[in-house]
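Geometric and topological summary
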Amino acid sequence: MSGAVDPRRSSPADGAPDSTATRPNLSALATEPWPRGFSRRPTMNIGAVLAELKREFPTVSHSKIRFLEEQGLVTPDRTPSGYRVFSEADVERLRFALAAQRDSFLPLRVIREKLAALDAGLEDVPVTTAAPAQHGARVGLEELAALVGITPEQVGELTAAGVIVPDAGGRFPASCISVVQLSTELMRQGVDPRHLRMMRTAADRQVDVVAQLTSVLRGRPNTPQDSRSRERAVQSANDLSGLLSRLHGALVSAGVERLF
């Protein structure tokens, strides 16, 4: 018998499993929408999704999730009866969109672009950080001071200057955390609380502009239609807020340039 190797031996025998068949399909993995590695089997109704997201985003609502779906950020499956059914991957996309709005004030257009880039593998997987919302909708004076790392007296100073405003029970909305952080850093740079009060007044004027521009969209969410209109109003307000903030920054930068 010849010692030559039968070339057919390099192929799997009939009926034997091909080792390449068990390897991951890299091309399919590369084109899988983001997030990769999460189950895409629809198992959660909208109530379960809401309960999951509320732990990180206390103000999220059914109408908010439906609105993000309408905007094409997530595409849940539907039961024969028409009910939405979400997967773990759907929840991660919703979490990304909500965090981008809350932490970076990104408009939906930019969020869609970022998700498309993630789907195409053009961006790194985003890293989320702890956000003030996890501490609850409102915090007390001492808790606010502890979160920011200042004394209650310093929080009281900002309150007296009108930079932050507590409710009737003496508690502050979670959004005050970032306001106090930035205000504290500015005071360390020599900014007087009275100047911070001027900034608060300027911000309130910008809020008035946003209120006027979104007045037609705003309404009481008594019906599903009203809820969707409210979400559109919220998104429009967020978009306007981002643009006004960018304009303010550009104007300040241009003014500083004139100083030198």
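Check the entry above for the structure.
The model shown is predicted, which means the values in this text are computed figures rather than measured ones.

1. Section: the nonpolar core
Note on soluble globular proteins: their nonpolar side chains tend to be buried together. In this structure, Val 49, Leu 53, Ile 65, Leu 94 and Ile 111 are the most contacted members of the largest nonpolar core, which totals 27 residues. Considering each element in turn, this core owes the most residues, seven residues, to helix H4 (residues 88-104). If sequence neighbours within four positions are ignored, Ile 65 has contacts with Ile 46, Val 49, Leu 50, Leu 53, Val 60, Phe 86 and Leu 94. Core analysis: the second largest hydrophobic core is formed by 15 residues, Ala 145, Ile 150, Val 180 and Leu 196 among them.

2. Quick word on a nonpolar patch on the surface
A contiguous nonpolar surface patch, about 480 Å² in accessible area, is contributed by Val 252, Val 256, Leu 259 and Phe 260. You can see Val 252 is positioned in helix H10 (residues 224-259).

3. Section: helix H3 (residues 62-70)
Of the positions making up H3, those classed as buried are Ser 63, Lys 64, Ile 65, Phe 67, Leu 68 and Glu 69. Following H3 by one or two positions, Gly 72 adopts a phi angle in the positive range, close to 80 degrees.

4. Regarding unusual backbone geometry
Omega for the peptide link from Trp 34 to Pro 35 comes to 5 degrees, which places this bond in the cis form. In this fold, Pro 35 is placed in the loop between helix H1 (26-31) and helix H2 (46-54).

5. Some details on helix H6 (residues 141-148)
Along H6, the residues that are buried comprise Leu 144, Ala 145 and Val 148. The arc enclosing the buried residues of H6, seen along the axis, measures out at 100 degrees, which places them on a common side. Exposed and facing more than 90 degrees away from the buried side of H6 are Glu 142 and Ala 146. Turning to H6, the residues buried within the fold contact strand E3 (138-139), helix H7 (152-160), strand E4 (172-173) and helix H8 (176-188). Just past H6, the residue Gly 149 takes up positive phi, approximately 90 degrees.

6. Examining the packing of H3 against H4
Where H3 contacts H4, the two axes come as close as 11 Å, and the packing angle between them is 100 degrees. Relative to H4, the element H3 is oriented roughly perpendicular. Across from Lys 64, Ile 65 and Leu 68 in H3, the residues of H4 making contact are Leu 94, Ala 97, Leu 98 and Gln 101.

Definitions and cut-offs
Residues numbered from 1 in each chain as written. Predicted model: local features only at pLDDT ≥ 70, side-chain atom pairs only at ≥ 80, totals over all residues. Heavy atoms only, no water. Core = buried A, V, L, I, M, F, W, Y, C linked by side-chain atoms within 4.5 Å. Buried < 20%, exposed > 50% of the residue type's maximum accessible area, 1.4 Å probe, protein only. Helix = DSSP H or I, 4+ residues; strand = E, 2+ residues; numbered from the N terminus. Contact = heavy atoms within 4.5 Å. Patch = residues over 30% accessible without salt bridge, like charges linked within 9 Å, V, L, I, M, F, W, Y side chains within 5 Å. Areas by Shrake-Rupley, 256 points an atom, 1.4 Å probe, with all protein chains shown as cover. Salt bridge = Lys/Arg side-chain N within 4 Å of Asp/Glu carboxyl O. Arc of directions from axis to C-beta. Axes fitted to C-alpha atoms, helices over the stretch in contact; angles between N-to-C directions. Parallel < 35°, antiparallel > 145°, perpendicular 65-115°, else oblique.

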